[in-house]
Each structure stands twice: as C-alpha cells, then as structure tokens.
Amino acid sequence: MDIFDTIAARHSVRTYKPDPVPDELIGRCLEAARVAPSWRNGQCWRFVVVREPATIEKLAAQRVYGYRINAWLRTAPVVIVACAEPGESGQHTDLPYWAVDTAIALEHLVLAATALGLGTCWIGGFDEKTVRALLAAPERIRVVAYTPLGYPAEGEALMGRAVKAIARSHSRKPLEKIVFHERWLEK
Ligand SMILES: Cc1cc2nc3c(=O)[nH]c(=O)nc-3n(C[C@H](O)[C@H](O)[C@H](O)COP(=O)(O)O)c2cc1C
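These numbers were taken from a predicted model, which means no experiment stands behind them. (Residues numbered from 1 in each chain as written. Predicted model: local features only at pLDDT ≥ 70, side-chain atom pairs only at ≥ 80, totals over all residues. Heavy atoms only, no water.)

1. A few points about the overall build of the protein
Next up, step 1: Helix and strand counts for the protein stand at seven helices and three strands.
Next up, step 2: Scaling as 2.2 N^0.38, a compact globule of 187 residues should have a C-alpha radius of gyration of about 16 Å, and the protein matches this with 17 Å.
Next up, step 3: Split into buried and exposed, the 187 residues of the protein put 40% on the buried side.
Next up, step 4: For the protein, the share of sequence-separated contacts (at least 6 apart) that also reach a separation of at least 24 residues comes to 77%.
Next up, step 5: When the accessible surface of the protein is split by element, carbon and sulfur atoms take 57% of a total near 11,200 Å².
Next up, step 6: With 24 positive and 21 negative side-chain charges, the protein shows a separation of 6 Å between the mean positions of the two kinds. (Helix = DSSP H or I, 4+ residues; strand = E, 2+ residues; numbered from the N terminus. Rg over C-alpha atoms; globule rule 2.2 N^0.38 Å. Buried < 20%, exposed > 50% of the residue type's maximum accessible area, 1.4 Å probe, protein only. Contact = heavy atoms within 4.5 Å. Areas by Shrake-Rupley, 256 points an atom, 1.4 Å probe, with all protein chains shown as cover. Lys, Arg positive; Asp, Glu negative; His and termini not counted. Charge placed at Lys NZ, Arg CZ, Asp CG, Glu CD.)

Here's what the structure looks like:
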C-alpha cells in the first residue's frame, strides 16, 4: 500500500476481532510514532500499550456527556494511550506544542497500523483524570488521545454504524471550501 492508498484506507474502526495483535506489528506502529517530527525535536510523547482486558473495559466504560459513547472499545485486544510529558515540549505562542507533537506522532502510528491491516479509532472522549489514574501516570502527564489497535471485524456492529452515521464520517468538506490561495477568503 503506498501512502495515498493508506490515507484513503484509514477510517475509524469500532468493532474488532478478538484475535491478538502480534508484538512485532505493535512495535512497527510504535516505531512509526517514534520518528515523528516535534517542536525542537523534544519528542515529548509517551505511549502506554494496554492489553489487560480489565483496563480496556474501564477505558470503555467511561461516560462522556453522561453516555458510554466508547463502550464499543471493549472489543479491542489492544489500546495505545498517547500521553505527553509537557516539560519536554515547548510553547512558542499560546499553542501547546505537547498536544501538537503527540497528535502528529499518534497519527503516524494510526497510518502505520492501517498499512499493516490493523484498525484504529482516534478517541478523545474520556476523562483525563480517570485515564491517568487507570495508568498510574503522575499528575504532570497529559493524556492526549488513545486508539484501539486490532483486526477489524467483518462488519461494524450497531454502535459503530450509529457513530459513523451521527458523525457523518464519510463526508469531507470539498477542497474549494478549505483551501485558499495567497490570502484568506471569507466564504
Ligand atoms: C480529536 C478526535 C477525537 C475523537 N474522539 C472520538 C471518540 O471519543 N469516540 C469515537 O468513536 N470517535 C472519535 N473520533 C473519531 C471521529 O469521529 C472520526 O475520525 C470522524 O467521524 C471521521 O471518521 P473516520 O475516522 O472514519 O474517517 C475522534 C476523532 C478525533 C480526531
């Protein structure tokens, strides 16, 4: 799969086969994250690889706006939690680069996983304190996002289909709407 095919193939997968993911493949995904660019090459990211079903169950059980919107996560054999050590990044404007750096690295991981035939889904709906406690991470650590990692099931279960429909996940704004040439154009 070349990079364009990989980008086109990536989509959020919310139903997984129980099959374990070989350590070698997890390692290749983590290696893709490791080589990502970062502010002053600070590499502030940290990745927690969660395989324990009890921990995955707790990650899945969290409520967002009162709902267990990520309950489907319990089908995943592995979850990679992307964290940041903010002191190892920087701040040039009011943009927190620990978040930028870690997001770039996680997307590297996501695309590598796609190229290896693994499913992923960026998850931002969680309570940071709860996740930090589950991982026994210190207060200074920021939890940026996490993703399941596993083999996609044959078809998405109802929950996955419902989220895709609600989020209109297949739709993207056309380039004409998001690209300007030379200067900003109010549209
Ligand atoms: C910052 C961020 C947070 C997200 N949080 C969640 C989440 O908590 N649960 C979920 O099911 N999907 C979540 N998503 C996935 C989006 O819903 C999904 O990427 C979007 O609908 C486009 O669909 P696609 O990934 O299949 O192309 C998140 C995506 C991003 C980038």
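We are not done yet, so read on.
2. A look at the sheet that holds strand β3 (residues 142-149)
Next up, step 1: Pairing is antiparallel across the open sheet formed by three strands, whose spatial order is β1-β2-β3. Of all the strands in the sheet, the pair left with one neighbour each is β1 (45-50) and β3. Geometrically, the sheet is characterised by an average inter-axis angle of 20° between neighbouring strands, direction not taken into account.
Next up, step 2: Sheet analysis places β1 next to strand β2 (residues 78-84), joined by six bridges and oriented antiparallel. Bridging from a neighbouring strand, Trp45 pairs with Ala84 of β2.
Next up, step 3: Here helix α3 (residues 53-60) sits on the sheet and contacts β1, β2 and β3; the angle it forms with β2, its principal contact strand, is near 65°.
Next up, step 4: The strands touched by helix α5 (residues 128-135) within the sheet are β1, β2 and β3, with β3 carrying the most contacts at an inclination of about 70°. (Pairing = 2+ DSSP bridges. Axes fitted to C-alpha atoms, helices over the stretch in contact; angles between N-to-C directions.)

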